Amino acid sequence: MSCKENFKRMAEVALNEAVGERGELENSPKQEAGINEGQGTVGEEEEKKKQKRGGRGQIKQKKKTVPQKVTIAKIPRAKKKYVTRVCGLATFEIDLKEAQRFFAQKFSCGASVTGEDEIIIQGDFTDDIIDVIQEKWPEVDDDSIEDLGEVKK
């Protein structure tokens with residue numbers, strides 16, 4: 001018997017075992033084991049928890065409720081040069097890429113998105129940026145904007 005014939009025979013046997021009495025594929029492992037619904041055992045619950053295939057299991061993490069707060073900080077760069085860091089715009093569901101482009105155009109400077117929720121603007125714009133954020137995005141109120149002042153990187 002050749003390898004092809006052996007493989008075909010094994011495939012047919014596996015298909016016949018998988019097909020139920022009505023000619024449908026069985027979906028439930030309970031039917032194969034002959035366990036009626038409602039008669040679960042402790043061993044069955046452990047089997048459900050147990051991982052079936054290789055690899056790391058997916059652990060669902062709870063979403064952290066981050067307080068909606070925008071923080072603005074001035075970070076020294078070299079001598080008398082500064083960059084302005086804006087964090088927390090993503091908590092208000094503001095597109096960071098769009099905000100970065102807006103800041104760069106408004107202040108005529110370089111701006112970039114760094115990290116998950118951080119925009120770096122080249123220059124000291126801490127005073128102006130509070131008014132600009134409230135103008136552009138009215139959902140960000142004055143109480144939720146915090147100016148940290150000069151901060152070390």
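Residues numbered from 1 in each chain as written. Predicted model: local features only at pLDDT ≥ 70, side-chain atom pairs only at ≥ 80, totals over all residues. Heavy atoms only, no water.

Here the focus is the nonpolar core. Counting residues in hydrophobic clusters, the biggest one holds 23 residues, and the most contacted among them are V70, L89, F103, I121, I129 and I133. Elements represented by at least two residues in this core include exactly strand 1 (70–76), helix 4 (96–107), strand 4 (118–122) and helix 5 (126–136). Contact partners of V70, with chain neighbours within four places excluded, come to V86, C87, G88, L89, F92, I133, V140, S144, I145 and E146. (Core = buried A, V, L, I, M, F, W, Y, C linked by side-chain atoms within 4.5 Å. Buried < 20%, exposed > 50% of the residue type's maximum accessible area, 1.4 Å probe, protein only. Helix = DSSP H or I, 4+ residues; strand = E, 2+ residues; numbered from the N terminus. Contact = heavy atoms within 4.5 Å.)

Quick look at the packing of aromatic side chains now. The geometry of an aromatic ring pair comes down to the distance between the two centres and the angle between the two planes. If you walk through the whole model with that rule in mind, you get 5 aromatic pairs. On the basis of an interplanar angle of 75° and a centroid distance of 5.9 Å, the ring pair of F103 and W137 is categorised as edge-to-face. On the criterion of sequence distance, the pair formed by F103 in helix 4 and W137 in the loop between helix 5 and strand 5 (145–150) is long-range, its members being 34 residues apart. Taking the relative accessible area as the measure of exposure, F103 reaches 0% and is therefore buried. Judged by relative accessible area, W137 falls into the buried class, the value being 7%. (Phe/Tyr/Trp six-rings, centres within 6.5 Å; stacked < 30°, edge-to-face > 60°.)

A separate point is the confidence of the model for the chain. For the chain, mean pLDDT is 78; residues scoring 70 or higher make up 67% of the total. Predicted confidence is poor over residues 30–35, with pLDDT under 50, and the contacts of this stretch with residues over four places away or in other chains come to 7 contacts. (pLDDT = per-residue confidence, 0-100.)

A separate point is the sheet that holds strand 4. The 5 strands lie next to each other as 3-4-2-1-5, forming an open sheet whose pairing is mixed. The sheet terminates laterally at strand 3 (111–113) and strand 5, the two strands that pair on one side only. Across the sheet, the mean angle from the axis of one strand to that of its neighbour is 20°, orientation sign disregarded. The sheet contacts of helix 4 involve strand 3 and strand 4, and relative to strand 4 the element is tilted by about 15°. (Pairing = 2+ DSSP bridges. Axes fitted to C-alpha atoms, helices over the stretch in contact; angles between N-to-C directions.)

Oppositely charged side chains can pair when the atoms bearing their charge come close. Counting across every chain of the model gives 2 salt bridges. Residue D124 is joined to K74 by a salt bridge in which the shortest nitrogen-to-oxygen separation is 3.5 Å. Of this pair, D124 sits in the loop between strand 4 and helix 5 while K74 is found in strand 1, placing the two residues 50 residues apart along the sequence. Residue D124 is classed as partly exposed on the basis of its relative accessible area, which comes to 39%. The closest approach of N and O atoms between E118 and R85, which form a salt bridge, is 3.8 Å. In this pair, E118 is assigned in strand 4 and R85 in strand 2 (residues 82–87), connecting sequence segments 33 residues apart. (Salt bridge = Lys/Arg side-chain N within 4 Å of Asp/Glu carboxyl O.)

Bringing a negative patch on the surface into the picture now. On the surface, D127, D128, D131, E135, D141, D142, D143, E146 and D147 cluster together to form a negatively charged patch. Of all elements in the fold, only helix 5 and strand 5 reach the threshold of two or more residues within the negative patch. Of the residues forming the negative patch, the biggest block, 4 residues, is contributed by helix 5. Positionally, D143 belongs in the loop between helix 5 and strand 5. Exposure remark for D143: the relative accessible area of 65% places this residue in the exposed category. (Patch = residues over 30% accessible without salt bridge, like charges linked within 9 Å, V, L, I, M, F, W, Y side chains within 5 Å. Areas by Shrake-Rupley, 256 points an atom, 1.4 Å probe, with all protein chains shown as cover. Lys, Arg positive; Asp, Glu negative; His and termini not counted. Charge placed at Lys NZ, Arg CZ, Asp CG, Glu CD.)

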